[in-house]
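Results of the structural survey
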Amino acid sequence: MSEIKTLFWKDNFLYILDQKKLPFKISYVKCKTYIDVARCIKNMVIRGAPAIGVSSGYGFALGLKNLSTKNYNDFICRVNKIAKNLVSTRPTAVNLFWAVERIRKYAIDIYNEKDNNIFEKVLLEAKKIHNEDIVCNTKISKTGAKLIKRDATILTHCNAGSLATSSVGTALGVIIEAYNQGKVKKVFVDETRPYLQGARLTMFELMKSGVPCELITDNMAGFVIKNRNVDYVIVGADRIARNGDTANKIGTYSLSILAKYHKIKFFVVAPTSTIDTSIEDGTKIPIEERSEEEVKYINKKLITLKGAQVYNPAFDITEAKNISAIITEKKVFTYPYKFLCF
Ligand code: MRU
């Protein structure tokens, strides 16, 4: 899977793999401005918390290309405008806010040092964020795979694979590494309505990696956990509060309750950049609501009445007490979680 890059930088432009076209077509959107990058994030051409963070770093660099101003106030205005635009795209994944703020502060430092190479320096910082994500993914997958016993049957939700990150992924990185170590018998993949990240993206990644997998609709999870000897539910995260409450794709919370009821392990896998130590608990995490079209249409085909009212929260919160472990690049944390700083 790693040969298909989620995003890459070439000749001073950012190329983003169009995940809306997957699994049927591999094509890239060429981003020339930070507005192009913001549009890709908002429209989910690129998605997944770490990938959104990495792309926003490059987006910031594009915003500072051909910077002409020498005036401090104009510069600050520009930097803040870029940051505001990028973070206004999706509210839940904290990696976006983390990466944008890191670059914003860095750009101001460079300006204050009277360095004229702001674009070049910011681009290097964006590349650094990208590389850190790659290293982080590898560490997480190795650490997580150690927790998986032989002959494991695993259920996963949404897509927390290479498409959601810069490298092997988080939850899927652990699953694929464990499979490569000969420990995984089968993976059940929730289709993940309404955007179908499981059916379109996770199945694509697992099948390419040769991992035995079966696609199920989301409402089959309880039956499958009960009757198919599922040992683990393994998912990614979009934001983790100080107490370990975790925002992830809608449907994750229900899976955590199923896992608890059936006394199986429920693992959250994420880089520490997904942990928001400024937020006390999950009630403070903003939950994105997306358009009604995502629920009312499948492949542009209306599946309900045109006038049907729709509620479409994109994420839910899994309480920390339902999470057996949070696997990060630094260490494996277990309940009770008390994340203070990183
Ligand atoms: O709406 P999405 O597709 O961006 O949501 C993605 C998820 O919920 C993932 O599980 C999460 O970001 C972890 S990605 C490594």
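Quick note: structure is the one above.
An account of the accompanying structure is given in this report. (Residues numbered from 1 in each chain as written. Predicted model: local features only at pLDDT ≥ 70, side-chain atom pairs only at ≥ 80, totals over all residues. Heavy atoms only, no water.)

Before going further, it helps to spend a moment on the site of the ligand. With respect to spatial proximity, 19 residues lie near the ligand, and among them Arg47, Arg90, Asp238, Asn248 and Lys249 are the closest. Separating an oxygen atom of the ligand from a backbone N or O atom of Ala49 is a distance of 2.9 Å. Within the side chain of Asn248, an N or O atom sits 2.8 Å from an oxygen atom of the ligand. Mapped onto the shell around the ligand, the elements with two or more residues apiece are helix 2 (49-63) and strand 9 (246-249). When grouped by side-chain class, the residues that make up the shell around the ligand number 8 nonpolar, 7 polar and 4 charged. (Near = heavy atom within 4 Å. Polar contact = N/O pair within 3.5 Å; in protein donor to acceptor, adjacent residues only side chain to side chain. Helix = DSSP H or I, 4+ residues; strand = E, 2+ residues; numbered from the N terminus. Nonpolar A, V, L, I, M, F, W, Y, C, P; charged D, E, K, R; others polar.)

This part is about the sheet that holds strand 9. Sheets are built from strands paired through backbone hydrogen bonds, the pairs being either parallel or antiparallel. The strand order 8-9-13 describes an open sheet built from 3 strands, whose pairing is antiparallel. A strand with exactly one partner marks an edge of an open sheet, and here the two such strands are strand 8 (239-240) and strand 13 (315-318). Pairing of strand 8 with strand 9, which is carried by 2 bridges, proceeds in the antiparallel orientation. Note that in strand 9 the partner of Ile240 across the bridge is Thr246. (Pairing = 2+ DSSP bridges.)

What follows concerns the side chain of Thr328. For Thr328, the position within the fold is in the loop between strand 14 (325-327) and strand 15 (332-334). For Thr328, a relative accessible area of 1% gives the class buried. Only 3.1 Å separates the side chain of Thr328 from the backbone nitrogen of Lys330, close enough to count as a polar contact. Engagement of the side chain of Thr328 in a polar contact is seen with the backbone oxygen of Lys331, the distance being 2.8 Å. Other than its neighbours up to four places away in sequence, Thr328 contacts Ile140, Thr143, Ala270, Thr272, Ile275 and Phe333. (Buried < 20%, exposed > 50% of the residue type's maximum accessible area, 1.4 Å probe, protein only. Contact = heavy atoms within 4.5 Å.)

Helix 4 (residues 94-112) packs onto helix 2 with a crossing angle of 25 degrees between their chain directions and a minimal axis gap of 7 Å. The angle between the axes of helix 2 and helix 4 places the two elements in the roughly parallel class. For the element pair helix 2 and helix 4, the recorded crossing hand is right-handed. Contacts between helix 2 and helix 4 involve Ala49, Pro50, Ile52, Gly53, Ser56, Gly57 and Phe60 from the first element and Asn95, Leu96, Ala99, Val100, Ile103 and Arg104 from the second. Taken together, the residues of the contact of helix 2 with helix 4 break down into 8 nonpolar, 4 polar and 1 charged. (Axes fitted to C-alpha atoms, helices over the stretch in contact; angles between N-to-C directions. Parallel < 35°, antiparallel > 145°, perpendicular 65-115°, else oblique. Left-handed = near helix turned anticlockwise from the far one by under 90°.)

Right, let's get into the pattern of salt bridges. Tallied over the full model, the rule gives 17 salt bridges. Ionic pairing is found between Lys142 and Glu177, a salt bridge with its closest N-O pair at 3.6 Å. Residue Lys142 is found in helix 5 (residues 118-145), and its partner Glu177 is found in helix 6 (residues 171-180); the two are separated by 35 residues along the sequence. Using a relative accessible area of 43% as the deciding quantity, one classes Lys142 as partly exposed. A salt bridge links Glu214 to Lys186, with the shortest nitrogen-to-oxygen separation between them at 3.0 Å. One end of the pair, Glu214, is in strand 6 (residues 213-216); the other, Lys186, is in strand 5 (residues 184-190), and 28 residues separate them in sequence. One connected set of salt bridges, linked through shared partners, spans Arg90, Glu288, Arg290 and Glu294. (Salt bridge = Lys/Arg side-chain N within 4 Å of Asp/Glu carboxyl O.)

Here the focus is the nonpolar core. In this structure, Leu14, Ile16, Tyr58, Phe60, Leu64 and Phe75 are the most contacted members of the largest nonpolar core, which totals 42 residues. Going through the elements one at a time, strand 1 (7-10), strand 2 (13-17), helix 1 (34-42), helix 2, helix 3 (72-87), helix 4 and helix 5 are the ones with two or more residues in this core. Those residues in contact with Leu14, other than ones at most four positions away along the chain, are Leu7, Phe8, Trp9, Val29, Lys30, Cys31, Val37, Ser55, Tyr58 and Leu62. With 26 residues, the next largest nonpolar core counts Val187, Leu206, Ala325 and Ile327 among its residues. (Core = buried A, V, L, I, M, F, W, Y, C linked by side-chain atoms within 4.5 Å.)

Positionally, Leu7 belongs in strand 1. The buried category is assigned to Leu7, whose relative accessible area is 2%. In this structure the C-alpha to C-alpha distance between Leu7 and Asp18, which are 11 residues apart in sequence, comes to 9.3 Å. Excluding its chain neighbours within four sequence positions, the residues that come into contact with Leu7 are Leu14, Tyr15, Ile16, Ile46, Val54, Ser55, Tyr58 and His130.

Of all 7 residues in strand 5, 5 are buried, a share of seventy percent or more. Sheet topology places strand 4 (residues 152-156) next to strand 5; 5 bridges connect them, and they run parallel. Residue pairing in the sheet places Leu155 in a bridge with Phe188 of strand 5. Since strand 4 and strand 5 lie parallel, the crossover through helix 6 that links them has a hand, and here it is right-handed. For the crossover that starts at strand 5, traverses helix 7 (residues 197-208) and ends in the parallel strand 6, the hand is right-handed. (Right-handed = clockwise from strand over helix to strand, strands pointing away.)

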